[in-house]
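Each chain, letter by letter, is given below.
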Amino acid sequence: MHPDPASPVRPYAVTGGRTAPKVKLAMEALVSSATAEHREFSHITPEYKAISQLCRQVRSVAEVSALLRIPLGVVRVLIADMAAEGLVRVHQPQLDAGRPDVNLLERVLSGLRRL
């Protein structure tokens with residue numbers, strides 16, 4: 001479900017011109033869909049629908065951006081908005097003394113290898 005690359009809509013128009021999310025989101029934060037597959041999507045944007053469907057499998061914010069070909073800043077805003085509406089769950093990485101968790105690094109490496 002990629003947005004139409006020839007679409008005349010500028011990416012930041014999707015966010016109403018906002019460039020910063022309401023909540024800080026790390027690009028390695030994991031996102032999962034909080035909606036059931038049968039949920040009615042007629043009232044939400046195509047971007048919300050695409051993110052929700054993509055995140056039926058847990059994905060990082062960076063993966064969502066790359067797979068949907070939407071700029072990272074836009075995806076951060078959209079995911080933060082979706083989390084506020086209960087459409088997705090966000091699992092922020094926990095840093096221990098400023099260092100990332102080894103399990104997180106292993107998951108990122110595994111994800112990179114799958115690309």
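Keep in mind the model is a prediction, meaning the values are calculated, not measured. (Residues numbered from 1 in each chain as written. Predicted model: local features only at pLDDT ≥ 70, side-chain atom pairs only at ≥ 80, totals over all residues. Heavy atoms only, no water.)

A few points about the nonpolar core
By size, the foremost hydrophobic cluster in this structure holds 21 residues, and its most contacted members are Ile 51, Val 64, Leu 68 and Ile 79. A total of six residues in this core trace back to one element, the largest contributor, which is helix α3 (residues 72–84). If near-sequence neighbours (up to four positions away) are discounted, Ile 79 is found in contact with Leu 25, Val 31, Ile 51, Val 61, Val 64, Val 88 and Val 90. (Core = buried A, V, L, I, M, F, W, Y, C linked by side-chain atoms within 4.5 Å. Buried < 20%, exposed > 50% of the residue type's maximum accessible area, 1.4 Å probe, protein only. Helix = DSSP H or I, 4+ residues; strand = E, 2+ residues; numbered from the N terminus. Contact = heavy atoms within 4.5 Å.)

Quick word on the packing of helix α2 (residues 61–68) against α3
Packed helices, taken two at a time, are described by their axes: the angle between them and the distance between them. As a packed pair, α2 and α3 sit with axes 9 Å apart at the nearest point and diverge in direction by 120°. Along this stretch, α2 crosses α3, giving a crossing that reads as right-handed. In this structure, α2 contributes Val 61, Ala 62, Val 64 and Ser 65 to the contact, and α3 contributes Leu 72, Val 75, Arg 76 and Ile 79. (Axes fitted to C-alpha atoms, helices over the stretch in contact; angles between N-to-C directions. Left-handed = near helix turned anticlockwise from the far one by under 90°.)

Things to note about unusual backbone geometry
Positive phi values are uncommon outside glycine, yet Arg 69 reaches one of about 55°. Residue placement: Arg 69 occurs in the loop between α2 and α3.

Points about the sheet that holds strand β3 (residues 88–91)
Taken in spatial order, the three strands make up an open sheet running β2-β1-β3, and their pairing is antiparallel. With one partner strand each, in any of the chains shown, β2 (59–60) and β3 form the two edges of the open sheet. Examined bridge by bridge, strand β1 (residues 30–33) and β2 share two bridges and lie antiparallel to one another. Its bridge partner being in β2, Val 31 is matched across the sheet by Arg 59. (Pairing = 2+ DSSP bridges.)

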